[in-house]
Amino acid sequence: MAEHPSFTLAGLLAVGGTAGYVRTRSTPSLIAGLGLGASYAYAGYLIKGNKDYGTELALGNSIFLLGSAVPRVIKTRARAPVPLGLAAAGVLATYYYQKKVREFRYGV
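Quick look at the structure, then. This structure is a prediction, so every number in the text was calculated from the model and none was measured.

1. Regarding helix α3 (residues 54-75)
In a regular helix each residue adds 1.5 Å, so 22 residues correspond to 32 Å; α3 covers 32 Å between its end C-alpha atoms and thus fits that length. In this structure, the buried residues of α3 make contact with α1 (3-24), α2 (27-48) and α4 (81-106). Of the residues flanking the end of α3, it is R77, one or two places downstream, whose phi is positive at about 55°.

2. Remarks on the packing of aromatic side chains
Enumeration according to the criterion identifies 2 aromatic pairs in this entry. For the ring pair Y42 and Y45, a centre distance of 6.2 Å and an interplane angle of 25° mean the geometry is stacked. Of the two residues, Y42 and Y45 are both situated in helix α2; the distance of 3 residues between them amounts to about one turn of the helix. By relative accessible area, Y42 is classed as partly exposed at 45%. Residue Y45 is classed as partly exposed on the basis of its relative accessible area, which comes to 47%.

3. Some remarks on the side chain of S6
Within the element layout of this structure, S6 appears in helix α1. Here the side chain of S6 touches Y97 through a polar contact of 2.8 Å, side chain to side chain. Those residues in contact with S6, other than ones at most four positions away along the chain, are Y40, A41, A43, G44, I47, A58 and Y97.

4. Focus on the pattern of salt bridges
Side chains bearing opposite charge may pair, as long as their charged atoms lie close to each other. Under the definition given, this model contains 3 salt bridges. For R105, the salt bridge is made with E56, and the minimal N-O distance between the two is 3.2 Å. Here the residue R105 occupies a position in helix α4, and E56 occupies one in helix α3, the gap between them amounting to 49 residues. Taking the relative accessible area as the measure of exposure, E56 reaches 27% and is therefore partly exposed. E103 is the partner of K99 in a salt bridge, and the nearest nitrogen-oxygen pair spans 3.3 Å. You can see K99 and its partner E103 sitting in helix α4, 4 residues apart, about one turn around the helix. Ionic contacts of the salt-bridge type, sharing partners, join the residues K99, K100 and E103 into one network.

Definitions and cut-offs
- Residues numbered from 1 in each chain as written.
- Predicted model: local features only at pLDDT ≥ 70, side-chain atom pairs only at ≥ 80, totals over all residues.
- Heavy atoms only, no water.
- Helix = DSSP H or I, 4+ residues; strand = E, 2+ residues; numbered from the N terminus.
- Expected span 1.5 Å × (residues − 1).
- Contact = heavy atoms within 4.5 Å.
- Phe/Tyr/Trp six-rings, centres within 6.5 Å; stacked < 30°, edge-to-face > 60°.
- Buried < 20%, exposed > 50% of the residue type's maximum accessible area, 1.4 Å probe, protein only.
- Polar contact = N/O pair within 3.5 Å; in protein donor to acceptor, adjacent residues only side chain to side chain.
- Salt bridge = Lys/Arg side-chain N within 4 Å of Asp/Glu carboxyl O.

Pasting the structure below:
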């Protein structure tokens with residue numbers, strides 16, 4: 001069950017990065033969206049196969065997503081919907097996966 005958010009974020013980030021590239025010719029959007037999407041997909045694959053470090057990878061991806069969204073939210077003064085959506089997804093995913101890492105590691 002813990003793999004579903006990873007696969008969902010993988011798809012959303014890949015589509016969002018591609019849309020950002022098509023709309024504004026932003027190569028960083030394309031690279032970041034496809035790269036982070038592929039990393040989330042791999043994390044979901046590891047989690048689904050009950051392999052080591054899947055949730056840790058998903059947590060790292062979530063922290064990276066949140067960290068990359070915060071400067072954009074500050075720059076736009078929280079008026080643009082895309083940075084707010086990325087930040088919200090980052091916060092929710094970070095919370096979810098830190099909880100899963102703690103559950104798997106400590107049984108809490």
